[in-house]
Amino acid sequence: IDLTTATILIFGASGDLTARKLIPALYDLWSEGFLSADLPIIGLARRSKTDEQFRDEQRDTVSKFTRTDTVTDEKWTAFSKRLFYREIDITAESDHAKLKTSIEAVEREVLGDIITKRVAYLATAPSLFYPAVNALSQAQMVPRNSEEEWLRVVIEKPFGHDLQSAQELSQQLSELLGEDQIYRIDHYLGKETVQNILLFRLSNSIFEPLLNRNHVDHVQITVAESQGIEHGRGGYYDRSGALRDVLQNHVLQLLCLIAMEPPALFSGEEIRDEKLKVLKTLSPGTKGDISEWAVSGQYTAGQSFGQAVPGYREEERVPADSHRETFVAMEVMVENWRWEGVPFYLRTGKRMPERVSEIAIQFKHPPMNLFTTVECDGDICSLVERKPNELIFRIQPKESISMKFSTKRPGMQYQIQPVEMDFAFEDAYHKSLPEAYERLLMDVLRGDSTLFTRSDELEAAWKFVTPVLEEWEKTGQTPEPYYAGTWGPSSAMALLNKSKRSWRTPS
Ligand code: BG6
């Protein structure tokens, strides 16, 4: 791997994302030999802080979140000499010139010269995305990208809060940056198991021929979290909700990777072209009212792993009469030749019984049912309905791929018993998987935007979910309550029960 020497600028360096994700990911990349020896990392924010204070703060969180090893004094000294902090107010015009001079001063200190390749990571509040890029532009730090000189701007979510605001932000940024300079993060795409979906589909000849309307009954995508609202996130979350926060981005991206056609070439543009086609063909699961195919829920006080936990409305910075959804489930269709008539059931929520993300493809039954099916606990068996084949991609935790099928239960009768065959990444590869942010930062440094969202993809995703948001807003609908520690409201169950299907319980 070619190690690029570039300067990494982190706007919003006092925030949680910098401490919990970005610096630990950079540390782990460095620790595994993926960062050039001369690469400076400069934190930028409004608070006043010295380099030493910044380094000390980051050491605490890196020690907690590193994946690779113990942060010894020796390793930390070697790594942290590349960490710098500069106080900047990007909204103040008077600070624009200071931005350039202070960055160049650090580069001269580290390398003896100005570095003309830079990554600007916007880990700020969304309202500061444009001001940050504008500050870079005013400071004459936005070159046209070339081999020798480039600026790549990484933008965190949320990219807009509906179709119109996403388009406005795209428009504003496009006045200052080319599309090849913008890297919109959806961290799910950086997860190893998410990248694996496409590689698995396209490198095995036994599964791909089955992934279509002739063989698949339906697909379930679950992104469940056991946590509630993390400290300090109540304000953000109450403006956002489960549909904007997770379904519009992470869940729809998972759907794209399962549903898309194989690209002609394995290149960023071709893959994103195919994903875009899927997003454009998304349609409601049922004609008629939105409530027939999209349901929302909000958790009330309950239990999480045996502990009493508060309801959403009791969380810090959440209004006591909030109507914001902490759970959403949808039945959607991908209206194309391959998937016509196959429902995709999507769900995501906070305070579910477990933290688990998975995609389960449920196949059709064989045409005739010739046997009885049993499920047994030791020697005690009971008759059950026949079980379909399932292919399950477990995204996290306990990353795996498993296959459910039926076998003859040994004995004197012709009885079928469902069994499971499992492939666990940890057992096969014996090492921890890289964190999503490691992979994504690495890709920005090497200029590979395959795992980032293009503006047309993002707009197509907003276009699909915005009518639902607008309808909920217009009718002032109240999400259905569900107890913390359960799998969501009863209307989510009803969404599948009406076609005699049911949600899997991930195990
Ligand atoms: C983020 C959301 O994008 O994804 C969070 O803003 C959510 O609310 C998180 O908790 C889930 O990510 P992961 O990687 O923990 O599944």
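For clarity, every value in this text was computed on a predicted model and none was experimentally measured.

Analysis parameters
Residues numbered from 1 in each chain as written. Predicted model: local features only at pLDDT ≥ 70, side-chain atom pairs only at ≥ 80, totals over all residues. Heavy atoms only, no water. Helix = DSSP H or I, 4+ residues; strand = E, 2+ residues; numbered from the N terminus. Rg over C-alpha atoms; globule rule 2.2 N^0.38 Å. Buried < 20%, exposed > 50% of the residue type's maximum accessible area, 1.4 Å probe, protein only. Contact = heavy atoms within 4.5 Å. Areas by Shrake-Rupley, 256 points an atom, 1.4 Å probe, with all protein chains shown as cover. Core = buried A, V, L, I, M, F, W, Y, C linked by side-chain atoms within 4.5 Å. Disulfide = S-S within 2.5 Å. Axes fitted to C-alpha atoms, helices over the stretch in contact; angles between N-to-C directions. Parallel < 35°, antiparallel > 145°, perpendicular 65-115°, else oblique. Nonpolar A, V, L, I, M, F, W, Y, C, P; charged D, E, K, R; others polar. Near = heavy atom within 4 Å. Polar contact = N/O pair within 3.5 Å; in protein donor to acceptor, adjacent residues only side chain to side chain. Phe/Tyr/Trp six-rings, centres within 6.5 Å; stacked < 30°, edge-to-face > 60°. Lys NZ or Arg CZ within 6 Å of the ring centre and 35° of its normal. Expected span 1.5 Å × (residues − 1). Bend = angle between axes of the 7 residues up to and from the residue. Pairing = 2+ DSSP bridges. UniProt positions renumbered as here; feature names shortened; annotations may be inferred.

**Student:** Which residues make up the overall build of the chain, and what values go with them?
**Tutor:** Helices and strands together make up the secondary structure of the chain, namely 14 helices and 20 strands. Against the 2.2 N^0.38 benchmark of 23 Å for 507 residues, the chain shows a C-alpha radius of gyration of 24 Å, consistent with a compact globule. Across the 507 residues in the chain, those meeting the buried criterion constitute 52%. Summarising the internal contacts of the chain: among those between residues at least 6 apart in sequence, 77% fall at separations of at least 24. On the chain, roughly 23400 Å² of surface is accessible, and the fraction owed to carbon and sulfur atoms is 50%.

**Student:** Explain the nonpolar core to me, and be specific about the residues and the numbers.
**Tutor:** Counting 143 residues, the largest nonpolar core has F11, L99, L255 and F344 as its most contacted members. At twelve residues, the largest contribution of residues to this core is made by helix α9 (residues 242-259). In this view, F11 contacts L44, I90, L99, A120, Y121, L122, A123, T124, A132 and L136; residues no more than four positions away in its chain are not counted.

**Student:** Give a detailed account of the state of the cysteines, specifying residues and quantitative values.
**Tutor:** This model, assessed by the stated rule, comprises one disulfide. The disulfide partner of C376 is C381, and the gap between their sulfur atoms is 2.0 Å. Handedness here is read from the sign of the S-S torsion; for C376 and C381, about 110 degrees, the answer is right-handed.

**Student:** Explain the packing of helix α1 (residues 16-31) against helix α2 (residues 51-65) to me, using residue names and the numbers behind them.
**Tutor:** Two numbers describe how α1 lies on α2: the axes approach to 8 Å, and their chain directions differ by 75 degrees. Taken together, the axis directions place α1 and α2 in an arrangement best described as roughly perpendicular. Across the interface between the two elements, T18, A19, R20, I23, P24 and Y27 of α1 pack against Q58, T61, V62 and F65 of α2. Class assignment for the residues of the contact of α1 with α2 results in six nonpolar, three polar and one charged.

**Student:** An account of the side chain of T193 is needed here, citing residue identities and associated values.
**Tutor:** With respect to the helices and strands, T193 occurs in helix α7 (residues 192-203). In contact with T193, not counting residues within four places along its chain, are R394, I395, E399 and F425.

**Student:** Give a description of the site of the ligand that names residues and reports values.
**Tutor:** The full set of residues close to the ligand is K157, H187, Y188, K191, E225, Q227, R233, D245, H250, K350, R355 and Q396. Between K350 and the ligand, the recorded distance is 2.8 Å, taken from a side-chain N or O atom to an oxygen atom. Measuring from an oxygen atom of the ligand, one finds a side-chain N or O atom of Q396 at 2.7 Å. Taken by itself the ligand offers 400 Å² of open surface, and the protein chains cover 84% of this. Residue classes in the shell around the ligand are distributed as one nonpolar, four polar and seven charged.

**Student:** Go over the packing of aromatic side chains with me, naming the residues and quoting the values.
**Tutor:** Scanning the entire structure with this criterion turns up 19 aromatic pairs. Ring geometry for Y299 against Y312: centres 5.9 Å apart, planes inclined by 75 degrees, an arrangement best described as edge-to-face. With Y299 in strand β9 (residues 294-300) and Y312 in the loop between β11 (307-309) and β12 (327-334), this residue pair connects regions lying 13 residues apart in the sequence. These aromatic residues form a ring-pair network of at least three members: Y237, Y299, Y312, F327 and Y482. Sitting above the plane of the F159 ring, R184 keeps its charged end 5.1 Å from the centroid.

**Student:** Go over helix α13 (residues 455-475), please, and point to the residues and values.
**Tutor:** Compared with the 30 Å implied by 1.5 Å per residue over 21 residues, the 30 Å span of α13 between its first and last C-alpha is a close match. Largest kink in α13: about 35 degrees, centred on V465, with the proline P467 one to four residues after it. Those residues of α13 that sit buried are S455, E457, L458, A460, A461, W462, F464, V465, T466, V468, L469 and W472. Following α13 by one or two positions, G476 has its phi on the positive side, about 55 degrees.

**Student:** Which residues make up the sheet that holds strand β6 (residues 182-184), and what values go with them?
**Tutor:** Taken in spatial order, the six strands make up an open sheet running β3-β2-β1-β4-β5-β6, and their pairing is parallel. The open sheet has two free edges, formed respectively by β3 (83-87) and β6, since each of these has just one partner strand. Averaged over all pairs of adjacent strands, the angle between their axes in this sheet comes to 20 degrees, without regard to strand direction.

**Student:** If you had to explain the UniProt feature "binding site: substrate" (unreviewed entry) in the chain to someone new, which residues and values would you point to?
**Tutor:** Taking the UniProt record as the reference, the feature "binding site: substrate" (unreviewed entry) is found at H187, K191, E225, D245 and K350. Looking at where K191 falls in the secondary structure, it is placed in the loop between β6 and α7. Those residues in contact with K191 that sit more than four places away from it in its chain are R355, I395, Q396 and A436. Secondary-structure assignment places D245 in helix α9. Owing to a relative accessible area of 2%, D245 belongs among the buried residues under this scheme. With near-sequence residues (within four places) excluded, D245 lies in contact with K157, R233, Y236, Y237, S240, H250 and K350.

**Student:** Please set out helix α4 (residues 96-111) residue by residue, giving values where relevant.
**Tutor:** Its 16 residues place the ends of α4 23 Å apart at the C-alpha level, agreeing with the 22 Å of an ideal helix rising 1.5 Å per residue. Those residues of α4 hidden inside the fold are in contact with β1 (7-11), β2 (41-45), β3, β4 (117-122) and α5 (129-138). Positive backbone phi, at 80 degrees, marks G112, one or two positions downstream of α4.

**Student:** Before we move on, could you go through unusual backbone geometry and cite the residues and values that matter?
**Tutor:** The amide bond that connects K157 to the next residue, P158, takes the cis arrangement and shows omega of 0 degrees. Relative to the assigned elements, P158 resides in the loop between β5 (150-155) and α6 (163-174). Residue P397 is reached from Q396 by a cis peptide bond, and omega for that bond is -20 degrees. Relative to the elements of secondary structure, P397 occurs in the loop between β17 (390-396) and β18 (400-408). Despite not being glycine, Q140 has its phi angle at roughly 60 degrees, a positive value. Within the secondary structure, Q140 sits in the loop between α5 and β5. With a phi close to 50 degrees, H430 is a non-glycine residue in the positive phi region. Note on placement: H430 falls in the loop between α11 (425-429) and α12 (436-445).

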